[in-house]
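Structural features, examined
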Amino acid sequence: MKQKISLLLIATLFLGLGALGENGYRLWLRFDQIEDELLRTRYQQQIQQIRFEGNSPILSTAARELTHGLSALLGKELNAGAEDLQQPGVVVGITGNSTILDQLLSLEDKQSLMAEGFLILTRQNQIVLAANDDRGVLYGVFHLLRLIQLHESLDDLHIIQNPKLQRRILNHWDNLDRTVERGYAGFSIWNWHELPDFIDDRYLDYARANASIGINGAVVTNVNANALIFRSDYIAKAAALADVFRPYGIRLYLTARFSAPIELGGLSTADPLDTDVKRWWSEKVEEIYTLIPDFGGFLVKANSEGQPGPQEYGRNHADGANLLADALAPHDGIVMWRAFVYSSEEPEDRAKQAYNEFVPLDGKFRDNVLIQVKNGPIDFQPREPIHPLFGAMPNTPLMMEFQITKEYLGQGTHLVGLSPFFEEVLRTDTYVEGEGSLVANVIDGSLHGHTLTGIAGVANIGTAFNWTGHLFGQADWYAFGRLAWDPYLSSAKIYQEWIKMTLTHDQDAQAIIGDMLLSSHETCVRYMTPIGLHHIMGPGHHYGPGPWVSKMPRADWTSVYYHKADSSGLGFDRTESGSNALEQYRPNLAKVYRDLDHCPLEFLLWFHHVSWDHPLSSGNTLWNELCLQYDQGAREVSQLRQRWDQVESYIDKERFRQVAMHLQIQEKEARWWRDACISYFQSFSNRPLPRGLRQPEHDLSHYESLIFPYAPGIRPRW
Ligand code: GCW
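What counts as what
- Residues numbered from 1 in each chain as written.
- Predicted model: local features only at pLDDT ≥ 70, side-chain atom pairs only at ≥ 80, totals over all residues.
- Heavy atoms only, no water.
- Helix = DSSP H or I, 4+ residues; strand = E, 2+ residues; numbered from the N terminus.
- Rg over C-alpha atoms; globule rule 2.2 N^0.38 Å.
- Buried < 20%, exposed > 50% of the residue type's maximum accessible area, 1.4 Å probe, protein only.
- Phe/Tyr/Trp six-rings, centres within 6.5 Å; stacked < 30°, edge-to-face > 60°.
- Near = heavy atom within 4 Å.
- Polar contact = N/O pair within 3.5 Å; in protein donor to acceptor, adjacent residues only side chain to side chain.
- Areas by Shrake-Rupley, 256 points an atom, 1.4 Å probe, with all protein chains shown as cover.
- Nonpolar A, V, L, I, M, F, W, Y, C, P; charged D, E, K, R; others polar.
- Contact = heavy atoms within 4.5 Å.
- Pairing = 2+ DSSP bridges.
- Axes fitted to C-alpha atoms, helices over the stretch in contact; angles between N-to-C directions.
- Parallel < 35°, antiparallel > 145°, perpendicular 65-115°, else oblique.
- Expected span 1.5 Å × (residues − 1).
- Salt bridge = Lys/Arg side-chain N within 4 Å of Asp/Glu carboxyl O.
- Core = buried A, V, L, I, M, F, W, Y, C linked by side-chain atoms within 4.5 Å.
- pLDDT = per-residue confidence, 0-100.

**Focus: the overall build of the protein**
Within the protein one finds 23 helices and 15 strands. Relative to a compact globule of 718 residues, whose C-alpha radius of gyration would be 27 Å, the protein shows 26 Å and is just as compact. Residues counted as buried form 62% of the 718 residues belonging to the protein.

**Quick notes on the packing of aromatic side chains**
All chains considered together, the criterion is met by 38 aromatic pairs. Pairing Phe-230 with Phe-298 gives two aromatic rings, centres 5.5 Å apart and planes at 65 degrees, and the pair type is edge-to-face. Separated by 68 residues along the polypeptide, Phe-230 in the loop between strand 7 (217-219) and helix 8 (232-245) and Phe-298 in strand 9 (residues 297-300) bring together distant segments of the chain. In terms of burial, Phe-230 and Phe-298 fall into one category: buried. With centroids separated by 5.6 Å and ring planes inclined at 80 degrees, the aromatic side chains of Tyr-593 and Phe-603 adopt a geometry described as edge-to-face. With a gap of 10 residues between them, Tyr-593 in helix 19 (residues 587-594) and Phe-603 in the loop between helix 19 and helix 20 (604-607) connect regions that are remote in the sequence.

**Things to note about the site of the ligand**
The local shell around the ligand holds 16 residues, among which Glu-181, Lys-301, Lys-374, Asp-379 and Glu-407 are the closest. In this structure, an oxygen atom belonging to the ligand sits 2.6 Å away from a side-chain N or O atom of Arg-338. In this structure, an oxygen atom belonging to the ligand sits 2.6 Å away from a side-chain N or O atom of Lys-374. Coverage of the ligand by the protein chains reaches 99% of its 340 Å² of free accessible surface. A breakdown of the residues in the shell around the ligand according to their chemical character gives four nonpolar, three polar and nine charged.

**A look at the side chain of Asn-580**
Here Asn-580 lies in the loop between strand 14 (569-570) and helix 19. In this structure Asn-580 comes out as buried when scored by relative accessible area, which is 15%. Beyond its immediate stretch of four places on either side in the chain, Asn-580 contacts Lys-352, Arg-574 and Thr-575.

**Some details on the sheet that holds strand 7**
Pairing is parallel in the closed barrel, where eight strands are placed in the order 6-7-8-9-10-11-12-13. Between one strand axis and the next, the sheet turns by 25 degrees as a mean value, whatever way the strands run. Two strands pair when backbone bridges link them, and strand 12 (residues 398-403) and strand 13 (residues 454-458) are joined in this way by four bridges, in the parallel orientation. Residue Gln-403 lies in a different strand from strand 13, and its bridge partner there is Val-458. On top of the sheet, helix 11 (residues 317-328) reaches strand 9, strand 10 (334-338) and strand 11 (369-374); it is set at about 160 degrees to strand 10, its chief contact.

**Observations concerning the packing of helix 21 (residues 622-646) against helix 22 (residues 653-685)**
Between helix 21 and helix 22, the shortest axis-to-axis distance is 9 Å and the interhelical angle comes to 170 degrees. It follows from the interaxial angle that helix 21 and helix 22 lie roughly antiparallel. Across the contact of helix 21 with helix 22, the residue classes break down as 17 nonpolar, five polar and seven charged.

**Considering the sheet that holds strand 2 (residues 89-94)**
Pairing in this open sheet of five strands is mixed, and the strands run 1-2-4-3-5 from one edge to the other. Every interior strand has two partners, whereas the edge strands, strand 1 (49-52) and strand 5 (158-161), have only one. The mean inter-strand angle of the sheet, taken between neighbouring strand axes irrespective of direction, is 15 degrees. Where strand 2 lies against strand 4 (residues 126-131), six bridges are found, and the strand directions are parallel. Across the sheet, residue Ile-94 finds its bridge partner in strand 4, namely Ala-131.

**A short note on helix 6 (residues 134-149)**
Its 16 residues place the ends of helix 6 23 Å apart at the C-alpha level, agreeing with the 22 Å of an ideal helix rising 1.5 Å per residue. Helix 6 sits mainly inside the fold: 14 of its 16 residues count as buried.

**A few points about the pattern of salt bridges**
Scanning the model with the defined rule gives 46 salt bridges in all. Across the pair Arg-135 and Glu-116 runs a salt bridge, and its minimum N-O distance is 3.4 Å. One end of the pair, Arg-135, is in helix 6; the other, Glu-116, is in the loop between helix 5 (107-111) and strand 3 (118-123), with 19 residues separating them in the sequence. Look at Glu-116 and you get buried, because its relative accessible area is 11%. Note that Arg-231 is salt-bridged to Asp-233, the shortest N-O span being 2.7 Å. Exposure remark for Arg-231: the relative accessible area of 40% places this residue in the partly exposed category. When its relative accessible area of 33% is taken as the criterion, Asp-233 is described as partly exposed. Each of Asp-631, Arg-635, Arg-674, Asp-675 and Arg-694 takes part in a single network of salt bridges with overlapping partners.

**Observations concerning the nonpolar core**
Counting residues in hydrophobic clusters, the biggest one holds 230 residues, and the most contacted among them are Phe-245, Trp-281, Phe-298, Trp-337, Trp-477, Trp-644 and Phe-681. If you tally residues by element for this core, the top one is helix 22, at 12 residues. If we ignore the near neighbours within four places in the chain, the residues touching Phe-298 are Phe-230, Leu-254, Ala-256, Trp-281, Val-285, Ile-288, Leu-324, Leu-328, Ile-334, Val-335 and Met-336. Judged by nonpolar contacts, the second largest core, of 10 residues, contains Ile-100, Leu-101, Leu-113 and Ala-130.

**Brief notes about the confidence of the model for the protein**
Across the protein, pLDDT averages 95, with 97% of residues at or above 70. Every residue in residues 1-5 is under pLDDT 50, and counting partners more than four places away or in other chains gives zero contacts. Low confidence marks residues 7-19, where pLDDT is under 50. Its contacts with residues over four positions away, or in another chain, come to one contact.

Have a look at this one:
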């Protein structure tokens, strides 16, 4: 009878889990027992025990992760309490605090370690995992687990890693009502209403996932900020989140609404030079640190898209940033001041405005201020040239802002691997200190000797079962973390890791999926904005094509402002004969784009107005090339879908099906982009489609008539 009941229980449990199946919740942290018996036995021989030295909240996390992870992967119970080093195993700890580690490590080993870095070395019969601080140990633990998840050899290990960037941060555009601006994976995971009393397990799993890829900070509120977060009860809620994050080495940051002293403090001004305003911020910061002793600091969007800022009082961005920086400095907090600004008067090419406002302020910011710059000068378009500020503010530490959520790249339903694009940006030469001044060298501080460095990614996480809605969104989160740790890593390597840990160890399947991820960004650019087109999506929600958009509250929110199609040709002239945005780049980089006939095709229409019949380097006229690119992009999505079908037998059916359904949507939408854009631009070019190309399915008026009042992620109107 008893046996029957337990069998029933197991069956129910099994079915229950079966119903949820592989829902993707575990991300890349799956730790299933290694199936290959030979390999598992080898690991078991090499790791017979664990000796974990030291004690702190982060070290306890590290010890727990290591013992659980190894026990699960190796299929044998391990604990962290080995007394001596009799058996082969892992010995873990902080240098200087452990006699055993001091014996096993040389001075040179120890000197190679920097803050948050770790080493993993084979010494005698032990795998030695050491760091100078507890965060380093935690990152080392996840690295060792990753080696095993990847089935790498543990023989003769000699790994020394230090993070190249100091602040590796996710930016959540999450509102206090749990909507997520530009979020496509459900609602915000922060349940402000129930905090601080109810602590959702997700907070912990979130912290854990981030720690596993080296992310050490989270801005939990939207840059379009709400001053309410500074009310005492909300600070207590934020503190409860910070308590969950702390043992995973993650600091909590908040967005600061510049007018909070008025809205919350009852002052008549938010002027950064006003004494009462200064006092209000100092006291508020004091209050925050009482509850969150390791609070990271503020992220600020000011004088941008209607957000309040110092310019309302005749002050500049440095006055504003320094006000907050002074309040935070006694507590070691920092300000991340965003450079995503464009004037409310639309005086000129929007691409030029951030540079115009910020370059005169170079060197005028306090030491604890980072300027957070989006990768490109407009706004996270499918492809943009680098932001000219990266080559223009040597005396100010600049921080990169990437968008992981896909506002302009298919939102929740398109498979678009972002890592190659991040890599393209990081590897672009700014020429700020001569040839070889890559964007990565600027932001890692090495070029100008800055010690405060950082990178931010706008998160793509929500309440969706699998966190990111589209399963492959997990790969973008993962890639962001890995590139934040080391901006010189290759996308191919990053994706191989993610695929093996998340999906399959089959080599053929890995090659197919890796290829899908690596090629998909270029594909998306082709079916959305080829040859340097930009900002031609639907209005407001930014969903789907909208090259015809011409009536918006401001000209630089329309599409026609950016593509400038007319009967003679297409593109935005940003050379000397046009807006001359080109001059904001260093001469050697400007040279790459200046000449219409030598400008890389990827950026041609970004910098030039080109006539329809102009022959391009591809051998086609502009009009033909445009049509061919749109067509190729759409066809490549069909290929993506077919390639996914080829790996069906290697992927569990739940996750396979999720991705397959999304690929069908993407295929449909890529055709929609192709057809709508070709129809629209044809109304200017008045030329036939290149021979053999399919005609758009509908008339232009059909595409123009489509409206989507409930497209997700829309900015709330308050
Ligand atoms: O990309 C645009 C978005 C806005 C966003 C803004 C910004 C948070 O459409 O939704 O606001 O950029 O980065 O501030």
